[in-house]
Amino acid sequence: MNIILLGPPGAGKGTQASRLEAERGMAQLSTGDMLRAAVKAGTPTGIKAKAVMDAGELVSDDIVSGIIGERLDMADTAKGAIFDGYPRTAAQAELLDALLAERGRKLDYVIELVVDEDALVERITGRFTCANCGTGYHDKFKLPKVEGTCDVCGSHDFKRRPDDNEETVRTRMAEYRAKTAPILPLYEARGLVRRVDGMADMDEVGAQIAAILDGQ
Ligand code: ADP
Ligand code: ADP
Ligand code: ZN
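So, here's what we can say about the structure. (Residues numbered from 1 in each chain as written. Chains lettered and ligands numbered in written order. Predicted model: local features only at pLDDT ≥ 70, side-chain atom pairs only at ≥ 80, totals over all residues. Heavy atoms only, no water.)

### Observations concerning helix 7 (residues 166-180)
Reasoning step 1: With 15 residues, helix 7 extends 20 Å between its outermost C-alpha atoms, agreeing within 8% with the 21 Å of an ideal straight helix rising 1.5 Å per residue.
Reasoning step 2: Regarding helix 7, the residues found buried are Thr-168, Val-169, Arg-172, Met-173, Glu-175, Tyr-176 and Thr-180. The arc that holds the buried residues of helix 7, viewed along the axis, is 160°, so those residues lie on one side. Across from the buried face of helix 7, at angles greater than 90 degrees, the exposed residues are Glu-167 and Ala-178.
Reasoning step 3: Residues of helix 7 that are buried sit in contact with strand 1 (2-6), helix 3 (44-55), helix 6 (117-125), strand 5 (127-130) and helix 8 (184-189). (Helix = DSSP H or I, 4+ residues; strand = E, 2+ residues; numbered from the N terminus. Expected span 1.5 Å × (residues − 1). Buried < 20%, exposed > 50% of the residue type's maximum accessible area, 1.4 Å probe, protein only. Arc of directions from axis to C-beta. Contact = heavy atoms within 4.5 Å.)

What follows is the structure in structure tokens.
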């Protein structure tokens, strides 16, 4: 099973991808996470991408498609791939079809997380993650059970993304509207799109996605 989670910044793609990974053994392929790892490691890709990401603009189609191709060759994607934050342009959507076809795979669903734009700034500015294991949290919607301690690994170290500020979020939302939302009709024409209510609570969104994957 190969699925795309599509939605604006803060829609809940990463949150739902992590659930699917834990519950179904599928692999989360987040170009944002991969790019941040490249920035941290100081690779040539990371050096090129950093300023673009800090500004909230899109990294080039070639760069992201290259890293997705490499990632698809790793064994953990055998049970299924969840594309999180990719594709983000029509060119990337076309490249993804080719990358999958070369490997004898195909897309099963494009799941759109439908959210109110007003909620996104609050979601993004309240987002933080465990610096050790990457588990996602929110200042208001998902605090650790014990204050200051990661539920999953017990770490006391948390971090926030430099691009999760109100100004950059506006640019990222504009990029989504201009370049990413227009790919939905392309998938719609192929009968792949399913919609879920991204404003529901996290468990309910997870249940809606599970029902789609289980063909209910
Ligand atoms: P994306 O990957 O689409 O940018 P995330 O999954 O990182 O979004 O979610 C953004 C923030 O909103 C995170 O802090 C997360 O904990 C929170 N969040 C995710 N889903 C929901 C939801 N259904 N209701 C409330 N908050 C949510
Ligand atoms: P979010 O889902 O919260 O918007 P991501 O982690 O997916 O954030 O992406 C963070 C940044 O990384 C984007 O603003 C963009 O600069 C870059 N990026 C991630 N994925 C892509 C992609 N598929 N194409 C172009 N740029 C990307
Ligand atoms: Zn942790």
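### Looking at the side chain of Ser-30
Reasoning step 1: On the secondary structure map, Ser-30 appears in strand 2 (residues 27-30).
Reasoning step 2: Residue class for Ser-30 comes out buried when judged on its relative accessible area of 6%.
Reasoning step 3: Side-chain polar atoms of Ser-30 contact the backbone nitrogen of Asp-33, separated by 2.9 Å. (Polar contact = N/O pair within 3.5 Å; in protein donor to acceptor, adjacent residues only side chain to side chain.)

### Here's the deal with empty space enclosed by the protein
Reasoning step 1: Inspection of the entire model under this criterion finds one cavity of 30 Å³ or more.
Reasoning step 2: Its boundaries defined by the atoms lining it, the largest cavity holds a volume of some 40 Å³.
Reasoning step 3: Forming the walls of the largest cavity are Gln-16, Arg-19, Leu-20, Glu-23, Arg-24, Gly-206, Ile-209 and Ala-210.
Reasoning step 4: Counting residues per element, the ones that place at least two in the lining of the largest cavity are helix 1 (13-24) and helix 9 (202-213).
Reasoning step 5: In terms of residue count, the dominant contributor to the lining of the largest cavity is helix 1 (five residues).
Reasoning step 6: When grouped by side-chain class, the residues that make up the lining of the largest cavity number three nonpolar, two polar and three charged. (1 Å grid on protein atoms, 1.4 Å probe; cavity = no way out; pocket = protein on both sides within 12 Å on 5 of 7 lines; lining within 4 Å. Points joined across faces, edges and corners; volume = space filled by probe spheres on them. Nonpolar A, V, L, I, M, F, W, Y, C, P; charged D, E, K, R; others polar.)

### Describing the site of ligand 2
Reasoning step 1: Around ligand 2, 19 residues are found, and the nearest of them are Thr-31, Arg-36, Glu-57, Gln-92 and Arg-172.
Reasoning step 2: Contact distances for ligand 2 include 2.5 Å between an oxygen atom and a backbone N or O atom of Glu-57.
Reasoning step 3: A distance of 3.1 Å separates an oxygen atom of ligand 2 from a polar side-chain atom of Arg-161.
Reasoning step 4: Tallying contributions element by element places helix 2 (residues 31-41) first for the shell around ligand 2, with four residues.
Reasoning step 5: Among the residues forming the shell around ligand 2, the class breakdown is seven nonpolar, four polar and eight charged. (Near = heavy atom within 4 Å.)

### Some points on the site of ligand 1
Reasoning step 1: Neighbouring ligand 1 are 17 residues, the closest being Lys-13, Gly-14, Thr-15, Arg-127 and Tyr-137.
Reasoning step 2: Taking Tyr-137, its main chain carries an N or O atom lying 2.8 Å from an oxygen atom of ligand 1.
Reasoning step 3: When ligand 1 sits alone it has 560 Å² of accessible area, and the protein chains cover 90% of it.
Reasoning step 4: For the shell around ligand 1, the secondary structure elements donating two or more residues are helix 1 and strand 6 (136-138). (Areas by Shrake-Rupley, 256 points an atom, 1.4 Å probe, with all protein chains shown as cover.)

### Quick word on a negative patch on the surface
Reasoning step 1: Taken together, Asp-116, Asp-118, Asp-197, Asp-201 and Glu-204 make up a surface patch of like negative charges.
Reasoning step 2: Within the secondary structure layout, Asp-118 lies in helix 6.
Reasoning step 3: Judged by relative accessible area, Asp-118 falls into the exposed class, the value being 72%. (Patch = residues over 30% accessible without salt bridge, like charges linked within 9 Å, V, L, I, M, F, W, Y side chains within 5 Å. Salt bridge = Lys/Arg side-chain N within 4 Å of Asp/Glu carboxyl O. Lys, Arg positive; Asp, Glu negative; His and termini not counted. Charge placed at Lys NZ, Arg CZ, Asp CG, Glu CD.)

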